[in-house]
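Here are the chains, one letter per residue:
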Amino acid sequence: MTENKVTTHTKQITLIGLMTAVVCILGPLSIPLPISPVPISFTNLAIFLAVYLLDLKGGTVCLLVYLALGAAGLPIFSGFSGGLGKLAGPTGGYLIGFIFLALIQGFLMNRFPGKNTAAIAGMLLGMVVCYFFGTVWLAWQMNLSFTSALFLGVVPYLPGDAVKILAVALTGPKLKAAIKRAEV
């Protein structure tokens, strides 16, 4: 490996580590809702941003490390919880759905580099798939119809998710440019 490749590889690993830390810091921050077992979480905001800054591969690695750390018991899931029980609980489908969010957003961003519309489309489509997995899992866990689970675990969160997507769409390009200028 040449020195340039080693340096680039080291920088990418460092950025993945930093963004994993951001996800681990924002992930536990949540607001419980009395009407749902699913809290308002900042995890998807952190994932949107991580994928925006890291691309498909780096963003997905970041998310998988976050899930592995949480599954191992670190209190980095919503409400400062962790462990396999959280993955197997009512919100576990959303946590697993985050993998598809990262893959879809990253794929569209890689396919259409530099296009903020592709990033927004990736975040929207990725959330749809994430919500599908989460809703199916929530319905099964709580013995609900799909529609009931949808109104319990998705509908109340749509306005907040729209704000998160907008926030990343506005700040992501500036942060990515700043990282590039810093030659990181």
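That block above? That's the structure.
Right, let's walk through the structure included here. Note that the structure is predicted; figures quoted are calculated from it, not measured.

Each value, and the rule that gives it
Residues numbered from 1 in each chain as written. Predicted model: local features only at pLDDT ≥ 70, side-chain atom pairs only at ≥ 80, totals over all residues. Heavy atoms only, no water. Axes fitted to C-alpha atoms, helices over the stretch in contact; angles between N-to-C directions. Helix = DSSP H or I, 4+ residues; strand = E, 2+ residues; numbered from the N terminus. Parallel < 35°, antiparallel > 145°, perpendicular 65-115°, else oblique. Nonpolar A, V, L, I, M, F, W, Y, C, P; charged D, E, K, R; others polar. Phe/Tyr/Trp six-rings, centres within 6.5 Å; stacked < 30°, edge-to-face > 60°. Buried < 20%, exposed > 50% of the residue type's maximum accessible area, 1.4 Å probe, protein only. Lys NZ or Arg CZ within 6 Å of the ring centre and 35° of its normal. Patch = residues over 30% accessible without salt bridge, like charges linked within 9 Å, V, L, I, M, F, W, Y side chains within 5 Å. Areas by Shrake-Rupley, 256 points an atom, 1.4 Å probe, with all protein chains shown as cover. Salt bridge = Lys/Arg side-chain N within 4 Å of Asp/Glu carboxyl O.

It is worth spelling out the packing of helix 2 (residues 43–71) against helix 4 (residues 92–111) at this point. In contact at an axis separation of 8 Å, helix 2 and helix 4 are set at 105 degrees when each is read in the N-to-C sense. Overall, the two elements helix 2 and helix 4 adopt an arrangement that is roughly perpendicular. Among the residues making up the contact of helix 2 with helix 4, the classes are represented as 17 nonpolar, 7 polar and 1 charged.

A word on the packing of aromatic side chains. Evaluation of the coordinates by the stated rule reveals 6 aromatic pairs. A ring pair is formed by Y66 and F77, whose centres lie 5.5 Å apart and whose planes are at 80 degrees; its orientation type is edge-to-face. Of this pair, Y66 sits in helix 2 while F77 sits in the loop between helix 2 and helix 3 (84–88); the two residues are 11 residues apart in sequence, bridging distant segments of the chain. The exposure class of Y66 is buried, given its relative accessible area of 0%. Pairing F132 with F133 gives two aromatic rings, centres 6.1 Å apart and planes at 85 degrees, and the pair type is edge-to-face. A connected cluster of aromatic rings, assembled from ring pairs, spans F100, F132, F133 and F146. Here the guanidinium or amino end of R111 rests over the ring plane of F112, the centre of that ring lying 5.3 Å away. If you follow K164 out to its NZ or CZ, it ends over the ring of F42, 5.7 Å from the centre.

Taken together, V61, V65, L69 and L74 make up a surface patch of nonpolar side chains, about 260 Å² in accessible area. Of note, L74 is situated in the loop between helix 2 and helix 3. Taking relative accessible area as the criterion, L74 reaches 42% and is therefore assigned partly exposed.

Scanning the entire structure with this criterion turns up 1 salt bridge. Measuring nitrogen to oxygen at the nearest pair gives 3.4 Å for the salt bridge that ties D161 to K164. A residue pair is termed a helical-turn pair when its members lie 3 or 4 positions apart in one helix, as D161 and K164 do in helix 7 (residues 158–181) at 3 residues. Residues D161 and K164 agree in their burial class; the two are buried.

Interpretation in functional terms is not warranted from these geometric data alone.
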